[in-house]
Amino acid sequence: MSKTLLVTGGAGFIGVNFCNYWLKKYPDDQVIALDILSYAGNRHSLEQAEKNDRFSFVKGDILDQSLVETLLREQKVDDIVHFAAESHVDRSITGPDQFLETNIIGTHSLLKAARQVWLTEQADSTHRFHHVSTDEVYGTLTADDPAFSETTAYQPNSPYSASKAASDHMVRAYHHTYGLDVTTSNCSNNYGPFHFPEKLIPLCIINILSGKPLPIYGDGQQIRDWLYVEDHCRGIDLVLTNGRAGETYNIGGNNEKANIDLVKALCDLVDARFAEQTDLKQRFPDAPASKGQASDSLITYVADRPGHDRRYAVDASKASNELGYEPQESFENALGKTLDWYLDNENWWRTVLDGSYRDWIDEQYGS
Ligand code: NAD
Ligand code: TYD
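My aim in this report is to walk through the structure given alongside it, one point at a time. (Residues numbered from 1 in each chain as written. Chains lettered and ligands numbered in written order. Predicted model: local features only at pLDDT ≥ 70, side-chain atom pairs only at ≥ 80, totals over all residues. Heavy atoms only, no water.)

### Re the pattern of salt bridges
Inference 1: Per the counting criterion, the structure on display carries 19 salt bridges.
Inference 2: In this structure, the salt-bridge partner of Arg234 is Glu230, at a minimum N-O distance of 3.3 Å. Remark: Glu230 and Arg234 occur in helix 8 (residues 229-242); sequence separation between them is four residues, near one turn of the helix.
Inference 3: Given a relative accessible area of 18%, Arg234 falls into the buried group.
Inference 4: A salt bridge links Arg244 to Glu322; the shortest N-O distance between them is 2.6 Å. Here Arg244 is found in the loop between helix 8 and strand 11 (248-251), whereas its partner Glu322 is found in helix 11 (residues 317-323), with 78 residues between them in sequence.
Inference 5: Owing to a relative accessible area of 43%, Arg244 belongs among the partly exposed residues under this scheme. (Salt bridge = Lys/Arg side-chain N within 4 Å of Asp/Glu carboxyl O. Helix = DSSP H or I, 4+ residues; strand = E, 2+ residues; numbered from the N terminus. Buried < 20%, exposed > 50% of the residue type's maximum accessible area, 1.4 Å probe, protein only.)

### What to know about the packing of helix 7 (residues 200-210) against helix 9 (residues 259-276)
Inference 1: Running from N to C, helix 7 and helix 9 cross one another at 40°; their axes reach a closest spacing of 10 Å. The angle between the axes of helix 7 and helix 9 places the two elements in the oblique class. Of the two possible hands of crossing, helix 7 and helix 9 adopt the one that is right-handed. Contacts from Leu200, Ile201, Cys204, Ile205, Ile208 and Leu209 of helix 7 reach helix 9 at Asn259, Leu262, Val263, Leu266, Cys267, Val270 and Phe274.
Inference 2: Each residue belonging to the contact of helix 7 with helix 9 can be placed in one class, and the counts come to 12 nonpolar, one polar and no charged. (Axes fitted to C-alpha atoms, helices over the stretch in contact; angles between N-to-C directions. Parallel < 35°, antiparallel > 145°, perpendicular 65-115°, else oblique. Left-handed = near helix turned anticlockwise from the far one by under 90°. Contact = heavy atoms within 4.5 Å. Nonpolar A, V, L, I, M, F, W, Y, C, P; charged D, E, K, R; others polar.)

### Observations concerning the packing of aromatic side chains
Two aromatic rings are characterised by how far apart their centres lie and by the angle between their planes.
Inference 1: Applying the stated criterion to the full structure yields 19 aromatic pairs.
Inference 2: When the ring of Tyr138 is compared with that of Tyr154, the centres are 5.4 Å apart and the planes differ by 85°; the resulting orientation is edge-to-face. Here Tyr138 is found in the loop between strand 5 (128-134) and helix 6 (159-178), whereas its partner Tyr154 is found in the loop between strand 5 and helix 6, with 16 residues between them in sequence.
Inference 3: Classification of Tyr138 by relative accessible area gives buried; the value is 3%.
Inference 4: A network of ring pairs unites the aromatic residues Phe18, Tyr21, Trp22, Tyr26 and Phe83 as a single cluster.
Inference 5: Across from the ring centre of Tyr249, 4.7 Å away, lies the NZ or CZ of Lys318, which sits over that ring. (Phe/Tyr/Trp six-rings, centres within 6.5 Å; stacked < 30°, edge-to-face > 60°. Lys NZ or Arg CZ within 6 Å of the ring centre and 35° of its normal.)

What follows is the structure, encoded as structure tokens:
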């Protein structure tokens, strides 16, 4: 049976990948992306989706409850997949207010709209609200701790993760109190195409190509569990389609890497590409590889992030056992695909760099 999905934050990194994934996998479904186009939202990223007549874009705010209610009613939305958020930890440290507004109040506004239209007006509790959350709500691990499971106590440490934790609790409460059909997925660090270049991997790719320093916070030994974005989309699909109402599912890559090792692997990959593809030297003359130097010469240790979580690791065995979730991409292959995407889509990231992103980089790292 065909469906209509409302995808909030559909012009952001994961939202764009999810719209593309869904339109390809479900040829009868309609996808509506709702996005306010904040600094992180980019309409150009939706170019491929916009060619599809089963896709539509609405510029709007998840805090606009009446707009969301109208969409749910008039577009006969079956399910909501909720990505819209402020997502960058460093920004949450310098300016937490927007994180509370978007992530907590915004999520609650969506829940109120879903309750009003689906439960009160339509008396139909079969519609699902899927909430996309993060492993960061669980706090930080030592090297010997077991990975986060769905029963790990919430101990968020940054304003970002605290705001996501609060939103997770509101989603849960709307299920238990009002009977809204909800699911939540808590995922580890994603990477892949359309990733905004304030985050570690795209920042480092672009800085290498531009011959700029690669800022490593603290000692670079912080560990993240990296997952290719398409595997995340597949995981969300499984939870949305087959997950049990009211449940949360962890989604991870089983792929823990220390930041410094990740950045060095990326440097090696770029050097190998420059050795294979001679045109790269003309296109990126400032890259170390164009001057006979190694990319890792750009690695620069900088002041640590305040409250920096040491290690994240995700135990995804619940999603694996119940839903058959397994990441399909190997890290080496997917990191290579990601690098190639940035090499092939120079125009995308140059356009992004022209915008307010530049102000942020200056504020964060100095001009
Ligand atoms: P992103 O910052 O790239 O995109 C967020 C999108 O939300 C942007 O397009 C932005 O314009 C939109 N948005 C912000 N405020 C809005 C509002 N008030 N109304 C409508 N749209 C609004 O983020 P992302 O990396 O794509 O993350 C998407 C979701 O996945 C977030 O909820 C995040 O917490 C979660 N998540 C991300 C990761 C990751 O590694 N990126 C990992 C786990 C979970
Ligand atoms: P990031 O991509 O911001 O994701 P998150 O903070 O949500 O995990 O950062 C990934 C890791 O890389 C994190 O440990 C912080 C570190 N990092 C740096 O060392 N330098 C940087 O310039 C950035 C942006 C991140």
